[in-house]
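Analysis of the macromolecular model
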Amino acid sequence: MRYPERIVPDDEPPGIVALHLKRYMFAQPHCVDKVVLDAACGTGYGSAELARVASSVLGVDADEGAVAYARERYAGENVAFEVMDVSSLRLGDMSVDVVVSFETIEHLDDREAFLCEVTRVLRPSGTFIVSSPAARCTTERPDNPFHRVEYSREDFTRLLRGHFAAVDLFGQRRLQTRRHRALQRLDVLGLRGRFAFVRRGGRLVGTAPTEEVTLEGIVIERDRIDRATELVAVCTGPRR
(Lines give C-alpha, C1' and ligand atoms only; values in the text may rest on other atoms or scores of the structure.)
Protein backbone atom coordinates (compact mmCIF):
# COMPACT_ATOMS: atom_id res chain seq x y z
CA MET A 1 0.00 0.00 0.00
CA ARG A 2 1.22 3.50 -0.85
CA TYR A 3 1.65 5.93 2.05
CA PRO A 4 2.20 9.53 0.84
CA GLU A 5 3.92 11.71 3.44
CA ARG A 6 2.00 14.79 2.30
CA ILE A 7 -0.69 15.66 -0.21
CA VAL A 8 -0.08 17.79 -3.29
CA PRO A 9 -3.58 18.11 -4.80
CA ASP A 10 -2.39 18.37 -8.40
CA ASP A 11 -0.46 15.11 -8.05
CA GLU A 12 -3.11 12.97 -6.33
CA PRO A 13 -6.34 11.27 -7.48
CA PRO A 14 -9.42 13.35 -6.64
CA GLY A 15 -10.63 10.87 -4.05
CA ILE A 16 -7.43 11.14 -2.00
CA VAL A 17 -7.72 14.93 -2.03
CA ALA A 18 -11.39 14.72 -1.02
CA LEU A 19 -10.58 12.56 2.01
CA HIS A 20 -8.21 15.22 3.32
CA LEU A 21 -10.20 18.26 2.25
CA LYS A 22 -13.33 16.95 3.99
CA ARG A 23 -11.73 17.56 7.38
CA TYR A 24 -11.01 21.19 6.56
CA MET A 25 -14.59 21.66 5.43
CA PHE A 26 -15.73 20.11 8.72
CA ALA A 27 -13.60 22.69 10.58
CA GLN A 28 -14.85 25.71 8.64
CA PRO A 29 -17.90 26.50 10.82
CA HIS A 30 -15.59 26.81 13.84
CA CYS A 31 -13.33 29.23 11.97
CA VAL A 32 -15.77 31.90 10.82
CA ASP A 33 -14.22 35.34 11.48
CA LYS A 34 -11.55 33.71 13.69
CA VAL A 35 -7.77 33.90 13.89
CA VAL A 36 -6.73 30.39 12.85
CA LEU A 37 -3.50 28.41 13.04
CA ASP A 38 -3.14 25.41 10.71
CA ALA A 39 -0.44 23.40 12.47
CA ALA A 40 1.52 21.16 10.06
CA CYS A 41 -0.28 22.64 7.06
CA GLY A 42 1.70 20.69 4.45
CA THR A 43 1.31 22.22 1.01
CA GLY A 44 -1.32 24.69 2.18
CA TYR A 45 -4.46 23.67 0.32
CA GLY A 46 -6.37 23.23 3.59
CA SER A 47 -5.24 26.58 4.97
CA ALA A 48 -6.61 28.21 1.84
CA GLU A 49 -9.93 26.44 2.36
CA LEU A 50 -10.16 27.76 5.94
CA ALA A 51 -9.28 31.26 4.71
CA ARG A 52 -12.59 31.34 2.84
CA VAL A 53 -14.33 31.97 6.19
CA ALA A 54 -11.62 32.93 8.71
CA SER A 55 -10.44 36.40 9.61
CA SER A 56 -6.86 35.20 9.08
CA VAL A 57 -5.05 31.88 8.73
CA LEU A 58 -1.41 31.11 9.43
CA GLY A 59 -0.22 27.77 8.07
CA VAL A 60 2.99 26.42 9.59
CA ASP A 61 5.05 23.38 8.69
CA ALA A 62 8.58 22.16 9.43
CA ASP A 63 9.20 21.28 5.78
CA GLU A 64 10.70 24.25 3.90
CA GLY A 65 9.74 22.83 0.51
CA ALA A 66 6.11 22.41 1.50
CA VAL A 67 5.96 25.96 2.85
CA ALA A 68 7.57 27.35 -0.30
CA TYR A 69 4.95 25.54 -2.41
CA ALA A 70 2.15 26.81 -0.15
CA ARG A 71 3.36 30.40 -0.41
CA GLU A 72 3.54 30.25 -4.19
CA ARG A 73 0.23 28.49 -4.68
CA TYR A 74 -2.08 29.52 -1.84
CA ALA A 75 -0.88 32.67 -0.05
CA GLY A 76 -3.37 35.54 -0.05
CA GLU A 77 -4.62 38.59 1.80
CA ASN A 78 -5.74 36.62 4.85
CA VAL A 79 -3.58 33.49 4.58
CA ALA A 80 0.18 33.24 5.13
CA PHE A 81 2.71 30.45 5.63
CA GLU A 82 5.78 30.07 7.85
CA VAL A 83 8.40 27.40 8.49
CA MET A 84 7.86 26.37 12.10
CA ASP A 85 8.11 23.36 14.41
CA VAL A 86 4.64 22.67 15.82
CA SER A 87 6.21 21.56 19.10
CA SER A 88 7.94 24.95 19.48
CA LEU A 89 5.66 27.58 17.99
CA ARG A 90 6.98 31.10 17.57
CA LEU A 91 3.64 32.60 18.53
CA GLY A 92 2.47 34.56 21.55
CA ASP A 93 0.48 33.11 24.41
CA MET A 94 -3.29 33.12 23.83
CA SER A 95 -2.86 34.61 20.36
CA VAL A 96 -5.22 32.45 18.23
CA ASP A 97 -8.88 31.45 18.34
CA VAL A 98 -8.67 28.09 16.58
CA VAL A 99 -5.88 25.58 16.04
CA VAL A 100 -6.48 23.02 13.31
CA SER A 101 -4.10 20.08 12.92
CA PHE A 102 -5.01 17.15 10.72
CA GLU A 103 -3.00 13.93 10.42
CA THR A 104 -0.13 15.45 12.41
CA ILE A 105 0.03 14.06 15.91
CA GLU A 106 0.80 10.52 14.76
CA HIS A 107 3.98 11.80 13.07
CA LEU A 108 5.44 13.37 16.22
CA ASP A 109 7.91 11.91 18.70
CA ASP A 110 6.76 14.24 21.50
CA ARG A 111 2.99 14.52 21.35
CA GLU A 112 2.76 16.07 24.79
CA ALA A 113 5.03 18.97 23.79
CA PHE A 114 2.83 19.64 20.79
CA LEU A 115 -0.37 19.65 22.84
CA CYS A 116 1.21 21.96 25.43
CA GLU A 117 2.04 24.39 22.64
CA VAL A 118 -1.50 24.19 21.29
CA THR A 119 -3.01 25.05 24.68
CA ARG A 120 -0.45 27.82 25.19
CA VAL A 121 -1.31 29.69 21.97
CA LEU A 122 -5.07 29.17 22.23
CA ARG A 123 -7.25 31.80 23.84
CA PRO A 124 -9.34 30.59 26.82
CA SER A 125 -12.41 30.32 24.60
CA GLY A 126 -10.41 28.70 21.80
CA THR A 127 -11.00 25.47 19.92
CA PHE A 128 -8.60 22.74 18.82
CA ILE A 129 -9.70 20.51 15.93
CA VAL A 130 -7.45 17.51 15.41
CA SER A 131 -7.53 14.25 13.48
CA SER A 132 -5.55 11.02 13.49
CA PRO A 133 -5.95 7.56 11.94
CA ALA A 134 -8.28 5.24 13.84
CA ALA A 135 -6.67 2.07 15.17
CA ARG A 136 -8.42 -0.79 16.91
CA CYS A 137 -5.61 -0.90 19.45
CA THR A 138 -2.98 1.76 20.00
CA THR A 139 0.29 0.81 18.34
CA GLU A 140 3.74 2.37 18.20
CA ARG A 141 4.58 0.16 15.21
CA PRO A 142 2.00 1.12 12.58
CA ASP A 143 2.24 -0.03 8.98
CA ASN A 144 2.69 3.54 7.76
CA PRO A 145 6.46 4.22 7.94
CA PHE A 146 5.89 7.95 8.54
CA HIS A 147 3.82 7.36 11.69
CA ARG A 148 5.23 7.05 15.19
CA VAL A 149 1.93 5.95 16.73
CA GLU A 150 -1.68 5.28 15.84
CA TYR A 151 -4.32 5.58 18.58
CA SER A 152 -7.41 3.68 19.54
CA ARG A 153 -10.50 5.79 20.13
CA GLU A 154 -10.14 5.45 23.91
CA ASP A 155 -6.45 6.36 24.02
CA PHE A 156 -6.86 9.29 21.60
CA THR A 157 -9.64 10.72 23.77
CA ARG A 158 -7.64 10.16 26.94
CA LEU A 159 -4.61 11.94 25.49
CA LEU A 160 -6.66 14.99 24.52
CA ARG A 161 -8.56 15.14 27.81
CA GLY A 162 -5.25 15.61 29.56
CA HIS A 163 -5.06 19.03 27.88
CA PHE A 164 -8.71 20.04 27.32
CA ALA A 165 -11.78 20.18 29.53
CA ALA A 166 -14.08 18.93 26.78
CA VAL A 167 -13.39 16.55 23.87
CA ASP A 168 -16.15 15.92 21.32
CA LEU A 169 -15.21 12.91 19.18
CA PHE A 170 -16.27 12.21 15.60
CA GLY A 171 -15.39 9.55 13.05
CA GLN A 172 -14.56 10.04 9.39
CA ARG A 173 -15.43 7.30 6.95
CA ARG A 174 -16.40 6.65 3.36
CA LEU A 175 -20.01 5.76 2.73
CA GLN A 176 -20.15 2.09 1.75
CA THR A 177 -22.87 -0.29 0.75
CA ARG A 178 -23.73 -3.21 3.01
CA ARG A 179 -22.42 -5.59 0.37
CA HIS A 180 -19.08 -3.79 0.35
CA ARG A 181 -18.76 -4.01 4.14
CA ALA A 182 -19.59 -7.71 3.97
CA LEU A 183 -16.87 -8.18 1.35
CA GLN A 184 -14.36 -6.47 3.64
CA ARG A 185 -15.30 -8.72 6.57
CA LEU A 186 -14.72 -11.77 4.37
CA ASP A 187 -11.20 -10.62 3.47
CA VAL A 188 -9.58 -12.65 6.26
CA LEU A 189 -6.31 -12.98 4.31
CA GLY A 190 -5.82 -9.23 4.09
CA LEU A 191 -5.70 -9.27 0.30
CA ARG A 192 -7.30 -5.84 0.09
CA GLY A 193 -4.25 -4.18 1.57
CA ARG A 194 -1.85 -5.94 -0.81
CA PHE A 195 -3.58 -6.01 -4.17
CA ALA A 196 -5.14 -3.04 -5.95
CA PHE A 197 -7.62 -5.16 -7.91
CA VAL A 198 -9.09 -6.45 -4.64
CA ARG A 199 -9.40 -2.91 -3.24
CA ARG A 200 -11.23 -1.85 -6.39
CA GLY A 201 -13.70 -4.69 -5.90
CA GLY A 202 -15.93 -2.26 -4.00
CA ARG A 203 -17.10 -0.90 -7.36
CA LEU A 204 -18.73 -4.27 -8.08
CA VAL A 205 -20.85 -3.97 -4.92
CA GLY A 206 -21.82 -0.33 -5.36
CA THR A 207 -19.02 1.62 -3.63
CA ALA A 208 -16.63 3.85 -5.55
CA PRO A 209 -12.93 3.10 -5.03
CA THR A 210 -11.01 5.42 -2.73
CA GLU A 211 -9.30 7.17 -5.64
CA GLU A 212 -12.69 8.23 -7.03
CA VAL A 213 -14.67 9.04 -3.88
CA THR A 214 -16.28 12.49 -3.77
CA LEU A 215 -16.83 14.85 -0.86
CA GLU A 216 -20.46 13.71 -0.81
CA GLY A 217 -19.27 10.12 -0.35
CA ILE A 218 -17.46 10.94 2.90
CA VAL A 219 -19.00 11.68 6.30
CA ILE A 220 -17.65 12.97 9.60
CA GLU A 221 -20.13 12.21 12.35
CA ARG A 222 -20.54 11.01 15.92
CA ASP A 223 -22.41 7.88 14.88
CA ARG A 224 -20.68 4.62 13.93
CA ILE A 225 -17.22 5.69 15.07
CA ASP A 226 -16.37 1.98 15.12
CA ARG A 227 -16.37 2.14 11.30
CA ALA A 228 -14.20 5.28 11.12
CA THR A 229 -10.88 5.32 9.32
CA GLU A 230 -9.91 8.61 11.01
CA LEU A 231 -10.79 10.08 14.38
CA VAL A 232 -11.66 13.78 14.46
CA ALA A 233 -11.89 15.63 17.79
CA VAL A 234 -13.19 19.09 18.62
CA CYS A 235 -11.55 20.17 21.86
CA THR A 236 -12.42 23.16 24.05
CA GLY A 237 -11.39 24.49 27.44
CA PRO A 238 -7.60 24.43 27.09
CA ARG A 239 -5.78 23.45 30.29
CA ARG A 240 -2.60 25.36 31.05
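My aim in this report is to walk through the structure given alongside it, one point at a time.

Bringing unusual backbone geometry into the picture now. Only a minority of non-glycine residues have a phi that is not negative, and only a minority of peptide bonds are not trans. Unlike most non-glycine residues, Ala40 shows phi in positive territory, near 65 degrees. Take Ala40: it is sitting in the loop between strand 1 (35–39) and helix 2 (45–50). Its identity as a non-glycine residue notwithstanding, Arg224 has a phi of 55 degrees, on the positive side.

On to helix 3 (residues 64–74), then. Every buried residue of helix 3 is listed here: Ala66, Val67, Ala70 and Tyr74. Angularly, the buried residues of helix 3 cover 95 degrees about the axis, an arc narrow enough to put them on a single face. Among the exposed residues of helix 3, those pointing more than 90 degrees away from its buried face are Glu64 and Glu72. Tucked inside the fold, the buried residues of helix 3 contact helix 2, strand 2 (56–61) and strand 3 (79–83). For helix 3, the N-terminal cap is Asp63; the gap from its side-chain oxygen to the backbone nitrogen of Gly65 is 3.0 Å.

To continue, consider the side chain of Ser152. For Ser152, the location among the structural elements is in the loop between strand 5 (122–133) and helix 5 (153–161). The exposure class of Ser152 is buried, given its relative accessible area of 5%. Here Asp155 takes part through its backbone nitrogen, which lies 3.2 Å from a polar atom of the side chain of Ser152. Not counting residues up to four positions away in its chain, the partners in contact with Ser152 are Ala135, Arg136, Cys137, Thr138 and Leu231.

If you walk across this open sheet you meet the 8 strands as 3-2-1-4-5-8-6-7, and the pairing is mixed. Edge positions in the open sheet fall to strand 3 and strand 7 (218–221), since each of these has one partner strand only. Going from strand to strand, the sheet's axes swing by 20 degrees on average, the running direction of each strand aside. Across the face of the sheet, helix 3 comes into contact with strand 2 and strand 3 while running at roughly 165 degrees to strand 3. In the packing of helix 5 onto the sheet, contacts are made with strand 5, strand 6 (164–174) and strand 8 (230–238), and the angle to strand 6 comes to roughly 145 degrees.

For the rest of this paragraph, the subject is the packing of aromatic side chains. Taken as a whole, this structure holds 6 aromatic pairs when the rule is applied. Taken together, a centroid distance of 4.9 Å and an interplanar angle of 85 degrees make the contact between Tyr24 and Phe102 edge-to-face. Linking Tyr24 in helix 1 (residues 14–27) with Phe102 in strand 4 (residues 96–102), this pair joins segments that are 78 residues apart in sequence. Tyr24 sits in the buried class, given a relative accessible area of 4%. Note on Phe102: relative accessible area 7%, which makes it buried. An angle of 70 degrees between the planes, with centres 6.1 Å apart, marks the rings of Phe114 and Phe128 as edge-to-face. One end of the pair, Phe114, is in helix 4 (residues 111–121); the other, Phe128, is in strand 5, with 14 residues separating them in the sequence. A relative accessible area of 0% means that Phe114 is categorised as buried. The exposure class assigned to Phe128 is buried, which follows from its relative accessible area of 0%. Site record: aromatic cluster; members linked through ring pairs are Tyr24, Tyr45 and Phe102.

Right, let's talk about the pattern of salt bridges for a bit. The final tally for this structure, using the stated rule, is 12 salt bridges. Of the charged contacts in the structure, one is a salt bridge between Arg148 and Asp109, with a shortest N-O distance of 2.9 Å. One end of the pair, Arg148, is in the loop between strand 5 and helix 5; the other, Asp109, is in the loop between strand 4 and helix 4, with 39 residues separating them in the sequence. Sharing partners across several salt bridges, the network here consists of Asp93, Glu117 and Arg120.

The next thing to look at is the environment of Pro238. Take Pro238: it is sitting in strand 8. With residues near it in sequence (within four places) discarded, Pro238 still touches Thr119, Leu122, Arg123, Pro124, Gly126, His163 and Phe164.

Okay, the pairing of strand 8 next. In the case of a regular strand, side chains alternate between the two sheet surfaces. With respect to burial, strand 8 is a largely interior element, 7 of its 9 residues being buried. Bridge analysis of strand 5 against strand 8 gives 7 bridges, and the strand direction is antiparallel. Bridge pairing links Phe128 to Cys235 in strand 8. Two elements, strand 6 and strand 8, share 8 bridges in a ladder whose sense is antiparallel. Note that in strand 8 the partner of Phe170 across the bridge is Val232.

Reading the values: rules and limits
- Residues numbered from 1 in each chain as written.
- Predicted model: local features only at pLDDT ≥ 70, side-chain atom pairs only at ≥ 80, totals over all residues.
- Heavy atoms only, no water.
- Helix = DSSP H or I, 4+ residues; strand = E, 2+ residues; numbered from the N terminus.
- Buried < 20%, exposed > 50% of the residue type's maximum accessible area, 1.4 Å probe, protein only.
- Arc of directions from axis to C-beta.
- Contact = heavy atoms within 4.5 Å.
- Polar contact = N/O pair within 3.5 Å; in protein donor to acceptor, adjacent residues only side chain to side chain.
- Pairing = 2+ DSSP bridges.
- Axes fitted to C-alpha atoms, helices over the stretch in contact; angles between N-to-C directions.
- Phe/Tyr/Trp six-rings, centres within 6.5 Å; stacked < 30°, edge-to-face > 60°.
- Salt bridge = Lys/Arg side-chain N within 4 Å of Asp/Glu carboxyl O.

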